[in-house]
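Close look at the chain arrangement
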Amino acid sequence: MTAPARPAATLVDLHCHTGWGSGDSHTDPNVLIAQAKAFGLQGICITEHNQLWDAKRIEQLSDKHDFLVIGGIEVDTDIGHVLVYGLRAPRRFIRLPRIEELRRMVDEVDGAMVVAHPFRKRAKPATTEFTSGHALELVEQALELPFFDLVDGVEVHNGIAGPLERAFAGVVAGERKLPTTGGSDTHRHPEVGTTFTVFPGGVRTEQDLIDAIKAGEMRGADWDVEGIHDRRLTSLLPRYAG
Ligand SMILES: [Zn+2]
Ligand SMILES: [Zn+2]
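Because the structure is predicted, anything quoted here is derived from the model rather than measured.

Cut-offs applied
Residues numbered from 1 in each chain as written. Chains lettered and ligands numbered in written order. Predicted model: local features only at pLDDT ≥ 70, side-chain atom pairs only at ≥ 80, totals over all residues. Heavy atoms only, no water. Buried < 20%, exposed > 50% of the residue type's maximum accessible area, 1.4 Å probe, protein only. Helix = DSSP H or I, 4+ residues; strand = E, 2+ residues; numbered from the N terminus. Arc of directions from axis to C-beta. Donors = N, O, S within 2.8 Å, 3.2 Å for Na, K, Ca; no water. Tetrahedral: all angles 85-135°; square planar, octahedral: opposite > 155°, others 65-115°. Core = buried A, V, L, I, M, F, W, Y, C linked by side-chain atoms within 4.5 Å. Contact = heavy atoms within 4.5 Å. Pairing = 2+ DSSP bridges. Axes fitted to C-alpha atoms, helices over the stretch in contact; angles between N-to-C directions. Salt bridge = Lys/Arg side-chain N within 4 Å of Asp/Glu carboxyl O.

Turning our eyes to something else, we now look at helix H5 (residues 135–143). Among all positions in H5, only Ala135, Leu138, Val139 and Ala142 are buried. Projected down its long axis, H5 carries its buried residues within an arc of 100 degrees, all on one side.

Okay, here's the thing in structure tokens:
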């Protein structure tokens, strides 16, 4: 596929669900994309639970909206959810893989994988124990988790994660010298772009995205962190604009 003429995308939401592929979402991808555009993003990745969209359908959607749309997947593994970019098969995981197995599959296609919200389940005790003086101990335990050796990045800026969960993931990613990503984990279109990934070098294609992730040339972010005016409120409520 040749790269489209539009400018390279620097702000991309790497984690979106839609009603076309995730049973827990009712979002029409067309509405999702319109909203992402209105909010100031330049691309999205559709990452349904354990299933891939047909690549042709992704391309059609991208052409229709003249917007970067990339098809990924969020796979349930023994260590939790993992976002994968570059996979073409299986279209649907019937048997869920272990993380090592998924890594082999991703390596076979030269794809990239990022652990999604790694402390969502682990965060509950972690965040409450932050206040009881166990934070350091918890970070040290987290640093020993072997799956960090098997991923190309850590989703620190997950849109559903609270500030402590993000901070915790950020510290662990930093200590493990792993690059970070961000994605809204949207299941409803107004949530798209709450968090996103910044690609300073820009991405035009799925291959660009994979290369950037593997080179660590990106960072998870949100509007506040980047110091960019958050257009989500004014775009959702136009009467407040200006
Ligand atoms: Zn998830
Ligand atoms: Zn998700």
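Now, onward.
Another point: the coordination of the zinc ion (ligand 2). The protein atoms that coordinate the zinc ion (ligand 2) are His15 (NE2), His17 (NE2), Glu74 (OE) and Asp185 (OD), at distances of 2.1 to 2.2 Å. Note that the zinc ion (ligand 2) binds 4 donor atoms; their angles at the metal cover 81 to 174 degrees, and the shape is irregular. Between the zinc ion (ligand 2) and the zinc ion (ligand 1), a spacing of 3.5 Å is present, and a bridge between the two is formed by glutamate 74. Of this pair, histidine 17 sits in the loop between strand E1 (9–16) and helix H1 (29–39) while glutamate 74 is found in strand E3 (residues 68–77), placing the two residues 57 residues apart along the sequence.

Take the nonpolar core next. Grouped together as the largest cluster of nonpolar side chains are 28 residues, with contacts concentrated most on Val84, Leu102, Met113, Phe119 and Phe148. Contributing elements (two or more residues each) for this core: E3, strand E4 (80–85), helix H3 (99–108), strand E5 (112–115), H5, strand E6 (153–158) and helix H6 (163–175). Ranked by residue count, the leading element in this core is H6, at 4 residues. Residue contacts for leucine 102: discarding those within four places in its chain leaves Val75, Thr77, Val82, Val84, Phe93, Pro97 and Met113. One finds Leu11, Ile44, Trp53 and Phe196 within the second-largest nonpolar core, a separate group that totals 19 residues.

Right, let's talk about the sheet that holds strand E7 (residues 180–183) for a bit. To summarise the sheet geometry, strands pair through backbone hydrogen bonds and adopt either a parallel or an antiparallel arrangement. With mixed pairing, the 9 strands of this open sheet are ordered in space as E7-E6-E5-E4-E3-E2-E1-E8-E9. Where the open sheet ends on each side, the last strands, each with one partner, are E7 and strand E9 (219–222). Pairs of neighbouring strands in the sheet enclose a mean axial angle of 35 degrees, with direction left out of account. Inspection of the sheet shows strand E2 (residues 43–49) paired to E3 by 7 bridges, in the parallel sense. Residue pairing for E3: isoleucine 46 is matched across the bridge by glycine 71. Where helix H2 (residues 55–65) meets the sheet, it contacts E2 and E3, and its direction lies at approximately 140 degrees from that of E3.

Here the structure, examined in full by the defined rule, presents 14 salt bridges. The partner of arginine 6 in a salt bridge is aspartate 66, with the nearest N and O atoms 3.1 Å apart. Taken together, the residues span a long stretch of sequence, with arginine 6 in the segment before E1 and aspartate 66 in the loop between H2 and E3 at a distance of 60 residues. Since its relative accessible area comes to 17%, arginine 6 is described here as buried. On the accessibility criterion, aspartate 66 (48% relative accessible area) is partly exposed. With a shortest N-O distance of 2.4 Å, arginine 176 and aspartate 149 are connected by a salt bridge. Linking arginine 176 in the loop between H6 and E7 with aspartate 149 in the loop between H5 and E6, this pair joins segments that are 27 residues apart in sequence. Relative accessible area serves as the criterion here: at 23%, arginine 176 is assigned to the partly exposed category. Salt bridges sharing partners connect three or more residues here, namely Asp78, Arg98 and Glu100.

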